[in-house]
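Below are the chains, spelled out letter by letter.
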Amino acid sequence: MKIAIYTLGCKVNQYETQAMERELRARGHEIVPFSRDADAYVINTCSVTAAGDQKSRQAVHRVRRDHPGAVVAVCGCWSQTHAAEARALGADLLAGTGDRMGFLGLLERAVRDRGGPLEAIDHPFERRHFEWLPAGGLEGRTRALLKVEDGCANFCSYCIIPYARGPVRSLSMGEAAVQALELRRQGYREIVLTGIEISSWGRDLHQGLTLIDLLETVASAVPGTRLRLGSLEPRTVTEEFCQRAAALPDLCPQFHLSLQSGCDATLRRMRRKYGTARYLEAVELLNRHFRRPAVTTDLITGFPGETEEEFRETLEFIQKCGFARMHIFPYSERPGTPAAEMEQVPKALRGERARRAAELAGAMRRTYLEGCVGEVHEVLFEQPAGEEGLFLGHAPNYAEVLVRGAGLHNQVRPVRIVRTDGEVLFGELEE
């Protein structure tokens, strides 16, 4: 079969798409671009925001319009949490976030039999085991994702993902090491450990293990391969964690610490498991143990009940943290979550606050990048840039770096940074 897959959302969705593509190729099928004619179109959906819901619906409508004779298969968080809505769109195969290999079997059946619609929506809270998926990446990539955890037990008041993904399930340390070795064998120079909430890795294994134990195990299995962590909760960043992590020579000093708000009152309404004092402690620990780490974060503006004073507290707090990059989102209602029942901030005000926060975030990013000028960074190069003669790569701090050069794909080379435009770094290859 010719199969096209469209992926929305987070790195976990990207990883699961890569795994499905790898398995489909192993079964003898061809993966084609989503813009091409195919026997089946798979839409791996997202529901973290209302925009994700809308994009998921639009993708189904677009395929139905442009390829009326093809099989349309829907999976992911949106179809898990909005099954009735997804069902009404008339997909030939409807699944959620579990049993990806079983989903592929149903996909083959749907194309072969062309019978009535098939459905495989389970109950996520009944899941108890981590679903093994084949490690791999998209063709031509230099960086691979390694999913080590699924599920979340935090139940933040604004988030629907625990209802889509179920309880915490962890990949074993031994299997993580095996998959990391396979990725290195395939030629990847960097591995990103990802999951729905990797700070909770190990809690379901009941062995007293934590994320730093997993990180050390993977680092020992693939020495010389760069390692990068996905999003962390502040509770992960302790003195012991930083001491052990700083001793790993291949760990990239970029740490994405979820913030969401810099106001304690707002954090309590969000049901976050920390306050601003604990968050700032985590930032300070990272800066103490790593040289100029890139601390990045997410921020939600206009959360229900957020006053102008609370928002000003957030603006003051993010400046204390000195983030290297921020992802800023106006609050998006998720029906079925506690926050959706709270008093809502007008949407225009949510957007206006997002713009104000983005101005500060841009200034902090420029400051961080300016501090890189004159330094030498080991850059993993990925692809030629738009301008002829330039090649793009990422430094360990995940800053984008451009140099004059050719044929650098998948090479790690030392680069002296000579300037920045506030968005990317420009450098010269060191001999």
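As a reminder, the structure under discussion sits directly above these lines.
S.K.: How should the overall build of the protein be read in this particular structure?
M.R.: Summing up its helical and strand segments, the protein has 13 helices and 18 strands in all. Rg of the C-alpha trace for the protein: 22 Å, near the compact-globule value of 22 Å for 431 residues, within the 12% margin. The principal-axis extent of the C-alpha atoms belonging to the protein is close to 60 × 55 × 50 Å. Evaluated residue by residue, the protein yields a buried proportion of 54% over its 431 residues.

S.K.: Sorry, what's going on with the pattern of salt bridges here?
M.R.: Oppositely charged side chains can form a pair if their charged atoms are brought close together. In total, this model carries 39 salt bridges according to the counting rule given. Residues R64 and D92 are paired through a salt bridge, measuring 2.9 Å at the closest nitrogen-oxygen approach. Residue R64 is located in helix α2 (residues 50–66), and its partner D92 is located in the loop between α4 (83–88) and β5 (93–95); the two are separated by 28 residues in the primary sequence. With a relative accessible area of 26%, R64 lands in the partly exposed category. Measuring nitrogen to oxygen at the nearest pair gives 3.5 Å for the salt bridge that ties E352 to R356. With E352 and R356 both in helix α13 (residues 347–370), this residue pair falls four residues apart, about one helical turn.

S.K.: Is there a simple way to think about the packing of helix α8 (residues 211–221) against helix α9 (residues 239–246) in this case?
M.R.: One can describe the packing of α8 onto α9 by two numbers: an axis separation of 10 Å at closest approach and a directional angle of 5 degrees. The angle between α8 and α9 places the two elements in the roughly parallel class. Along the contact surface, α8 presents I212, D213 and E216, while α9 presents F241, R244 and A245. Of the residues belonging to the contact of α8 with α9, the class tally is three nonpolar, no polar and three charged.

S.K.: Sorry, what's going on with the side chain of Q254 here?
M.R.: Inspection of the secondary structure assignment puts Q254 in strand β11 (residues 254–256). Owing to a relative accessible area of 10%, Q254 belongs among the buried residues under this scheme. In this structure the side chain of Q254 is engaged in a polar contact, spanning 3.0 Å, whose partner is the side chain of R228. Residues within four places of Q254 in sequence aside, it is in contact with R228, A294, T296, P396, N397 and Y398.

Conventions adopted
Residues numbered from 1 in each chain as written. Predicted model: local features only at pLDDT ≥ 70, side-chain atom pairs only at ≥ 80, totals over all residues. Heavy atoms only, no water. Helix = DSSP H or I, 4+ residues; strand = E, 2+ residues; numbered from the N terminus. Rg over C-alpha atoms; globule rule 2.2 N^0.38 Å. Buried < 20%, exposed > 50% of the residue type's maximum accessible area, 1.4 Å probe, protein only. Salt bridge = Lys/Arg side-chain N within 4 Å of Asp/Glu carboxyl O. Axes fitted to C-alpha atoms, helices over the stretch in contact; angles between N-to-C directions. Parallel < 35°, antiparallel > 145°, perpendicular 65-115°, else oblique. Contact = heavy atoms within 4.5 Å. Nonpolar A, V, L, I, M, F, W, Y, C, P; charged D, E, K, R; others polar. Polar contact = N/O pair within 3.5 Å; in protein donor to acceptor, adjacent residues only side chain to side chain.

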